[in-house]
Amino acid sequence: MRILSGIQPSGSLHLGNYFGMMRPALQLQDQGEALYFIADYHALTTTRHADILRKNIREVALDFLAAGLDPKKTIFFRQSEIPAIGELSWILATLAPMGLLERCHSYKDKIAKGLPSSLGLFSYPVLMAADILAYESDLVPVGKDQKQHVEVARDLAVKMNEAYGPLFKLPEPSICEEVASIPGLDGAKMSKSYGNTIGLFLDESALRQQVMSIKTDSSSLESPKSTENSVILELYAHVASPADYQTMKERFQSGGVGYGTFKKELFEAIWNYFLPMRERRSQLLNNLDYVESTLAQGAERANAIAHALLEKVRSAVGLR
Ligand code: TYM
């Protein structure tokens, strides 16, 4: 089984990225041949500064390796190192129905948020389909917001297979329901573009400050607190033991404890959860050559797979 996923280098990663995609993807490393990449072509749709993009690419590489990506098991690379992706994306674009792309929520959301529209932003799902199909992926671990894009990849694979014969495998999204949409500080989906994130590798005081700024209702210290849709409880569930989570839930229900206390406990739990990864990350920072060579070796292996598939496609469509 081949497992594939990507992450954009669009700034510091957050808990939504980690629990929604990275952790499930890392758990799948032992289930088959995994390919995980840094989606730097995709990031160009929103990043306009070369130095910032370069820095973000390095940060994501460090974050992913620190979080447990094992290059002995997993092919880890930069999307832009694989020339076949650009060409396959064009070939897929030639039969991608406009209506299909017009229905994509992610494009509509980004435009609604004021991002300038561009052909690249609009055809983002086609590039993503090229990523998925180029490596003959079976499973694509993603958060809920990317499900529709995996479905577009499937639709385009079907169209290509109908037009040219069996070329592509049909990929399946893999979405862990309990982490499909991690809430941010304000209760909406945690997202960089909503400005409601909690960073993965913040220093202690920045992390404390972000956790303390989680929005809560105006219940008094004495009164019982609602456990429904509580961002504090929801995040705590992912970083605390089941017993600690249960205890916090009961203390919510019994009253007599203020939100400030719960937030402090959540901060401690997040800090401790990521402590070993933070240590690994600082070791990696002192060994950037290792990070670079890991990405270079990953690109070599990914290129071999994508290039072979592209040759098959070129021949099927008449370019060979
Ligand atoms: P990106 O960089 O926006 O997000 C990376 C992954 O994190 C997940 N995620 C979340 N999951 C749960 N709750 C949240 N609040 C949350 N925020 C982010 C996303 O669902 C995603 O899985 N288009 C992709 C990158 C990409 C890709 C691909 C993915 C490019 N090509 C091919 C899979 C296969 C993206 O922008 O992800």
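Let us look at the pattern of salt bridges. Within this structure, the stated rule accounts for 18 salt bridges. We note a salt bridge from Arg54 to Asp51, for which the minimum N-O separation is 3.0 Å. Of this pair, Arg54 and Asp51 both sit in helix 3 (residues 50-66), 3 residues apart, which is roughly one turn of that helix. Comparing Arg54 with Asp51 shows no difference in burial state: the two are exposed. In this structure, Glu204 and Arg208 form a salt bridge, with 3.6 Å as the shortest nitrogen-oxygen distance. Taken as a pair, Glu204 and Arg208 lie in helix 10 (residues 204-212) at a separation of 4 residues, close to a single helical turn. Exposure remark for Arg208: the relative accessible area of 35% places this residue in the partly exposed category. Through salt bridges with shared partners, one network takes in Arg58, Glu59, Asp63 and Arg281.

With that settled, consider the domain arrangement of the chain. According to the domain assignment, the chain contains domain 1 (2-181 + 287-317) and domain 2 (202-273). The C-alpha centroid of domain 2 is placed 34 Å from the C-alpha centroid of domain 1. Across the boundary between the two partners, domain 1 contributes 7 residues, which contact 5 residues of domain 2. Of the roughly 460 Å² buried at the junction of domain 1 and domain 2 (both faces included), carbon and sulfur atoms supply 67%. Across the contact surface, domain 1 and domain 2 share 0 salt bridges. Inspection of the domain 1/domain 2 interface yields 1 residue pair in polar contact (both at pLDDT 80 or more). For the side of domain 1 that touches domain 2, the class distribution of residues is 4 nonpolar, 1 polar and 2 charged.

On to the environment of Val142, then. Relative to the helices and strands, Val142 is located in the loop between strand 4 (139-141) and helix 9 (147-164). A relative accessible area of 6% means that Val142 is categorised as buried. Placed 122 residues apart in sequence, Val142 and Gly20 show a C-alpha to C-alpha distance of 6.7 Å. Not counting residues within four places of it along the chain, the set of residues in contact with Val142 comprises Ser5, Gly20, Met21, Lys147, Val150, Ser174 and Ile175.

A few words now on the side chain of Thr197. Looking at the element boundaries, Thr197 is found in the loop between strand 5 (172-174) and helix 10. According to the relative accessible area criterion, Thr197 is buried, its value standing at 18%. Not counting the four nearest positions on each side in its chain, Thr197 is found in contact with His14, Leu185, Met190, Ser191, Lys192 and Gln210.

Around the ligand, 28 residues are found, and the nearest of them are Gln8, Tyr124, Asp131, Asp145 and Ile182. In the environment of the ligand, a nitrogen atom lies 3.0 Å from a nitrogen or oxygen atom belonging to the side chain of Gln146. Note that a nitrogen atom of the ligand is positioned 2.8 Å from one of the backbone N or O atoms of Ile182.

With that out of the way, let us pick up the packing of aromatic side chains. Inspection of every chain in the model, using the stated rule, returns 15 aromatic pairs. Measuring from centroid to centroid gives 6.2 Å for Tyr18 and Tyr273, while their planes differ by 75 degrees, and the two rings are edge-to-face. Of this pair, Tyr18 sits in helix 1 (residues 15-27) while Tyr273 sits in helix 13 (residues 259-285), and the two are 255 residues apart along the sequence. Pairing Phe252 with Tyr259 gives two aromatic rings, centres 6.1 Å apart and planes at 70 degrees, and the pair type is edge-to-face. Between the NZ or CZ atom of Lys110 and the centre of the ring of Tyr124, over which it lies, the distance is 4.2 Å.

On to the pairing of strand 1 (residues 2-7). Here strand 1 lies mainly inside the structure; 5 of its 6 residues are buried. The pairing of strand 1 with strand 2 (residues 33-38) spans 6 bridges and is classified as parallel. Counted as the bridge partner of Gly6 is Phe37 from strand 2.

The subject of this paragraph is the nonpolar core. Membership of the largest hydrophobic core comes to 59 residues, with the highest contact counts inside it found for Met22, Tyr36, Phe64, Phe76, Ile198, Ile214 and Leu266. When residues in this core are grouped by element, the largest group, 10 residues, is from helix 13. In terms of domain composition, this core takes at least three residues from each of domain 1 (2-181 + 287-317) and domain 2 (202-273). Apart from the residues lying within four places of it in its own chain, the contact partners of Ile198 are His14, Leu15, Leu185, Met190, Leu207, Gln210, Val211, Ile214 and Leu235. Of all hydrophobic cores here, the second largest spans 46 residues; its members include Leu88, Ile132, Met160 and Phe168.

A few words now on the packing of helix 4 (residues 83-93) against helix 14 (residues 288-317). Orientation of helix 4 relative to helix 14, taken along the N-to-C sense of each, is 30 degrees, at an axis distance of 9 Å. Accordingly, the angle class assigned to the pair helix 4 and helix 14 is roughly parallel. Both helix 4 and helix 14 take part in a crossing whose hand is left-handed. Of the residues in helix 14, those touching helix 4 at Pro83, Ala84, Glu87, Leu88 and Ile91 are Asn303, Ala306, His307, Leu309, Leu310, Val313, Arg314 and Val317. A per-class count over the contact of helix 4 with helix 14 returns 9 nonpolar, 2 polar and 2 charged.

Rules and cut-offs
Residues numbered from 1 in each chain as written. Predicted model: local features only at pLDDT ≥ 70, side-chain atom pairs only at ≥ 80, totals over all residues. Heavy atoms only, no water. Salt bridge = Lys/Arg side-chain N within 4 Å of Asp/Glu carboxyl O. Helix = DSSP H or I, 4+ residues; strand = E, 2+ residues; numbered from the N terminus. Buried < 20%, exposed > 50% of the residue type's maximum accessible area, 1.4 Å probe, protein only. Domains from an automatic or database assignment. Contact = heavy atoms within 4.5 Å. Buried area = accessible area lost by both parts, 1.4 Å probe. Polar contact = N/O pair within 3.5 Å; in protein donor to acceptor, adjacent residues only side chain to side chain. Nonpolar A, V, L, I, M, F, W, Y, C, P; charged D, E, K, R; others polar. Near = heavy atom within 4 Å. Phe/Tyr/Trp six-rings, centres within 6.5 Å; stacked < 30°, edge-to-face > 60°. Lys NZ or Arg CZ within 6 Å of the ring centre and 35° of its normal. Pairing = 2+ DSSP bridges. Core = buried A, V, L, I, M, F, W, Y, C linked by side-chain atoms within 4.5 Å. Axes fitted to C-alpha atoms, helices over the stretch in contact; angles between N-to-C directions. Parallel < 35°, antiparallel > 145°, perpendicular 65-115°, else oblique. Left-handed = near helix turned anticlockwise from the far one by under 90°.

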